[in-house]
Amino acid sequence: MSVPIPDLRVRALNSHAIRSESDYVLYWMVANRRLRWNFSLDRAVHWAKELKKPLLILEALRTDYRWASDRLHRFVIEGMCDNASARLPAGVRYYPYVEPKQGAGRGLVAALARRAAVIVSDDFPCFFLPRMLEAAARRANVRFEAVDSNGLLPLRATDRVFTLAHSFRRFLQKELLPHLRQSPRAEPLAGLKLPKHSALPDDIEQRWPAATPAGLQLPESLYGSLEIDHQVRPASMKGGSEAADRRLQAFVEGKLKRYADDRNQPEQDVPSGLSPYLHFGHISAHEIWDRLTRHEKWTESCVAEKPSGSAEGWWGMSGPAEGFADQLLTWRELGYNMCWQQEYDTYESLPDWARVTMEEHEGDKRPYLYSIEEFERAETHDPLWNAAQRQLVREGLIHNYLRMLWGKKIYEWSANGRDALETMIHLNNKYAVDGRNPNSYSGIGWVLGRYDRAWGPERKIFGKLRYMTSENTAKKVRVKRYLETYSAAGPPGLTRVACDGGPNRSIHSFGAKLARTER
Ligand SMILES: Cc1cc2nc3c(=O)[nH]c(=O)nc-3n(C[C@H](O)[C@H](O)[C@H](O)COP(=O)(O)OP(=O)(O)OC[C@H]3O[C@@H](n4cnc5c(N)ncnc54)[C@H](O)[C@@H]3O)c2cc1C
């Protein structure tokens with residue numbers, strides 16, 4: 001019997017009917033790039049069983065999206081390599097396609113759609129994906145469904161946009177439990193018996209050849225000559241579900257117990273490091289939750305009786321596990337709650353009070369003002385900020401606590417909030433492996449007042465925005481070793497990453513105009 005997929009998680013993107021006489025069910029994997037714990041795959045399996053059709057899983061990687069780079073390509077291809085090496089039951093075919101040049105992949109989904117009985121894809125609320133799916137669904141002549149496997153709360157469980165973490169947490173405390181009972185299957189393909197695939201027509205296989213296992217094992221052979229940003233070198237973290245799984249295990253069985261005390265210490269490497277894997281769908285929030293709750297021997301009977309909106313004491317887990325659950329649930333899903341319902345990347349989408357206070361202080365004399373290029377090259381007067389920026393450029397991440405400082409200083413050293421927003425979005429999305437995600441926009445928005453309140457006393461430049469300084473940060477958390485590791489010279493043996501702005505530089509020429517440092 002197939003597992004029911006919660007209705008709230010399924011959206012028909014067109015009104016076409018299922019074509020039961022067609023060749024297969026098509027699952028077009030665009031965001032949940034994994035074969036486990038995935039409601040979209042569950043849905044595709046459901047249709048394949050119901051219609052007695054084989055299942056074709058297409059995972060494609062295009063070249064023409066903003067910020068495409070060696071770093072992002074490699075991470076995604078490593079994920080494809082894991083998927084390609086999974087043992088699949090008869091009747092399930094995995095079709096990995098890496099566009100060999102810009103535009104070459106055009107037409108592939110439409111060609112596969114013509115032979116599909118129904119198409120299932122991933123409902124991701126951000127970046128170019130919603131537009132891409134809508135366009136494909138308009139062109140397809142068959143039912144096209146988008147399935148939400150983003151988080152533990154279905155996106156459409158509420159149409160309220162939450163403006164504070166506290167009110168969202170309270171909502172979760174009241175409403176989440178029934179949704180937790182509806183989990184995707186850990187191994188949706190296990191034991192599956194479907195009719196065998198007949199071969200795809202030659203014109204499809206020849207025009208859009210599937211990447212071979214050997215090619216996927218040498219990612220550079222697939223992206224080395226593409227028109228993407230080669231200055232942004234691959235990060236040292238390996239992509240894919242297997243690496244994600246190892247990281248999750250190491251975290252839950254090792255670092256978790258220190259999460260409450262040491263999460264904010266940049267030198268300690270205590271956080272899970274799962275955000276890039278969550279972003280590319282190499283791991284699911286459901287699997288993380290399952291592992292966490294099993295480790296904590298948690299059951300529903302552990303939760304407190306009355307929702308309080310407080311981050312502590314609700315779940316009835318150990319302190320570190322509650323702290324982690326709050327990040328994974330409240331903070332992560334808060335961003336997703338916003339992204340599917342409203343603009344998330346524009347200055348106008350920030351709270352009124354924050355825009356008013358930034359505009360009231362736009363004329364304040366700024367002791368330092370940097371261009372996008374100076375920020376990018378870590379050429380500010382502030383060693384801690386420069387170290388954080390170098391970590392981002394070299395490794396594709398910044399420690400969370402320093403990420404907040406990184407953003408606050410970009411605001412302080414930019415002419416206004418609008419420019420700061422653009423600079424943060426560009427640098428974060430270009431270099432961070434977990435960038436281009438709802439949490440990118442909620443984190444950057446937080447720097448400029450989103451999910452926060454007005455703070456007093458009112459200060460120069462910041463007005464009522466929450467204020468952070470490198471001096472206070474260096475007093476609160478240990479950074480000596482961090483500063484050494486991310487010094488301009490870098491640790492011995494480090495391959496330096498050039499950062500001249502790459503192909504995206506021209507869009508940020510605004511920075512050059514306003515930038516002059518009064519040093
Ligand atoms: C300026 C700025 C930019 C940011 N850009 C991104 C981004 O591009 N992508 C991204 O995923 N996060 C972003 N964040 C949020 C946060 O910094 C990262 O999610 C976190 O550092 C990821 O590390 P981790 O996986 O080790 O987190 P852990 O501490 O292990 O937490 C587990 C998971 O909870 C979620 N989480 C943790 N902290 C936050 C947070 N503050 N907000 C939202 N979700 C959170 C993430 O999904 C994370 O993987 C940004 C924050 C700021 C201030």
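The rules behind these values
- Residues numbered from 1 in each chain as written.
- Predicted model: local features only at pLDDT ≥ 70, side-chain atom pairs only at ≥ 80, totals over all residues.
- Heavy atoms only, no water.
- pLDDT = per-residue confidence, 0-100.
- Contact = heavy atoms within 4.5 Å.
- Near = heavy atom within 4 Å.
- Polar contact = N/O pair within 3.5 Å; in protein donor to acceptor, adjacent residues only side chain to side chain.
- Areas by Shrake-Rupley, 256 points an atom, 1.4 Å probe, with all protein chains shown as cover.
- Helix = DSSP H or I, 4+ residues; strand = E, 2+ residues; numbered from the N terminus.
- Nonpolar A, V, L, I, M, F, W, Y, C, P; charged D, E, K, R; others polar.
- Domains from an automatic or database assignment.
- Phe/Tyr/Trp six-rings, centres within 6.5 Å; stacked < 30°, edge-to-face > 60°.
- Buried < 20%, exposed > 50% of the residue type's maximum accessible area, 1.4 Å probe, protein only.
- Pairing = 2+ DSSP bridges.
- Axes fitted to C-alpha atoms, helices over the stretch in contact; angles between N-to-C directions.
- Expected span 1.5 Å × (residues − 1).
- Bend = angle between axes of the 7 residues up to and from the residue.
- Buried area = accessible area lost by both parts, 1.4 Å probe.
- Salt bridge = Lys/Arg side-chain N within 4 Å of Asp/Glu carboxyl O.

On to the confidence of the model for the protein chain. Per-residue pLDDT for the protein chain has a mean of 92; in total, 94% of the residues score no lower than 70. Under a pLDDT of 50 for its full length, residues 492-519 has, in the predicted model, 64 contacts with residues more than four places off or in other chains.

Now for the site of the ligand. Every one of the 24 residues lining the ligand counts as a neighbour, but Tyr-259, Ser-272, Gly-273, Asn-400 and Ser-440 are closest to it. Here Asn-428 contributes a side-chain N or O atom positioned 2.9 Å from an oxygen atom of the ligand. For the ligand, whose unbound accessible area comes to 810 Å², protein coverage reaches 94%. When contributions to the shell around the ligand are tallied by element, the ones reaching two or more residues are α11 (275-279), α13 (319-339), α17 (400-412) and α19 (438-447). Its residues placed into classes, the shell around the ligand shows ten nonpolar, ten polar and four charged. Shared between two domains, the shell around the ligand holds at least three residues of each, these being domain 2 (241-339) and domain 3 (347-514).

Time to look at the environment of Tyr-336. Note on placement: Tyr-336 falls in helix α13. In this structure the C-alpha to C-alpha distance between Tyr-336 and Cys-126, which are 210 residues apart in sequence, comes to 8.4 Å. Excluding residues that lie within four positions of it along the chain, Tyr-336 makes contacts with Phe-124, Pro-125, Asn-150, Leu-155, Asn-437, Pro-438 and Asn-439.

Overall, the coordinates contain 28 aromatic pairs when judged by the stated rule. Seen from their ring centres, Trp-67 and Phe-127 are 5.9 Å apart, and the 20° between their planes marks the pair as stacked. Note that Trp-67 is positioned in the loop between β3 (55-61) and α2 (70-84) and Phe-127 in the loop between β5 (116-122) and α4 (129-139), a separation of 60 residues in sequence. Exposure remark for Phe-127: the relative accessible area of 16% places this residue in the buried category. Look at Phe-162 and Phe-168: their rings are 5.1 Å apart centre to centre, the planes differ by 55°, and that puts the pair in the tilted class. For Phe-168, a relative accessible area of 0% puts it in the buried group.

As a further point, take the sheet that holds strand β6 (residues 144-147). Across the sheet, six strands lie side by side as β1-β6-β5-β2-β3-β4; this open sheet has mixed pairing. In this open sheet, the two strands that pair with only one neighbour each are β1 (10-12) and β4 (92-98). Within this sheet the neighbouring strands show an average axis-to-axis angle of 25°, counted without direction. Sheet analysis places strand β2 (residues 24-29) next to β5, joined by five bridges and oriented parallel. When the sheet's bridge partners are listed, Val-25 is paired in β5 with Val-118.

A rise of 1.5 Å per residue sets the reference length of helix α5 (residues 165-180), with its 16 residues, at 22 Å; its end C-alpha atoms lie only 20 Å apart and thus fall more than 12% short of the reference. Maximum bend of α5: about 50°, positioned at Lys-174, with proline Pro-178 one to four residues after it. Every buried residue of α5 is accounted for by Ala-165, Ser-167, Phe-168, Arg-169, Phe-171, Leu-172, Gln-173, Leu-176, Leu-177, His-179 and Leu-180. Buried positions along α5 lie against α12 (285-295) and α13.

The domains assigned to the protein chain are domain 1 (1-150), domain 2 (241-339) and domain 3 (347-514). The straight-line distance from the C-alpha centre of domain 1 to that of domain 2 is 28 Å. Contacts between the two partners involve 19 residues from domain 1, matched on the other side by 19 residues from domain 2. Summing both sides of the interface, domain 1 and domain 2 together bury roughly 1,600 Å²; the carbon and sulfur share of this comes to 60%. Between domain 1 and domain 2 we count one salt bridge in total. The salt bridge involving Glu-287 is made with Arg-36; its shortest N-O contact spans 3.0 Å. Summed over the shared surface of domain 1 and domain 2, the result is eight residue pairs in polar contact (both at pLDDT 80 or more).

For the rest of this paragraph, the subject is the side chain of Asn-428. Inspection of the secondary structure assignment puts Asn-428 in helix α18 (residues 417-431). Look at Asn-428 and you get buried, because its relative accessible area is 4%. Within the structure, Asn-428 has its side chain in polar contact with the side chain of Arg-403 (distance 3.1 Å). Here Asn-429 takes part through its side chain, which lies 3.4 Å from a polar atom of the side chain of Asn-428.

Glancing now at unusual backbone geometry. Following Gly-456, the chain continues into Pro-457 via a peptide bond in cis, with omega recorded as -5°. Examined against the element boundaries, Pro-457 turns out to sit in the loop between α19 and α20 (470-476). Its identity as a non-glycine residue notwithstanding, Lys-52 has a phi of 55°, on the positive side. With respect to the helices and strands, the residue Lys-52 is situated in the loop between α1 (39-51) and β3. The exposure class of Lys-52 is exposed, given its relative accessible area of 63%. Even without glycine at this site, Tyr-451 takes up a positive phi of about 60°. The topology assignment puts Tyr-451 in the loop between α19 and α20.

Here the focus is helix α16 (residues 383-395). For α16, with 13 residues, the first-to-last C-alpha span of 18 Å sits near the 18 Å given by 1.5 Å per residue. Most of α16 is tucked away, with eleven of its 13 residues classed as buried. Looking at α16, one finds that the buried residues are Leu-384, Trp-385, Asn-386, Ala-387, Ala-388, Gln-389, Arg-390, Gln-391, Leu-392, Val-393 and Arg-394. On its buried face, α16 sits against α2, α15 (372-376), α17, α18, α20 and α21 (480-485). Its side-chain oxygen at 2.9 Å from the backbone nitrogen of Leu-384, Asp-382 defines the N-terminal cap of α16. In the stretch just after α16, Gly-396 is the one whose phi turns positive, near 80°.

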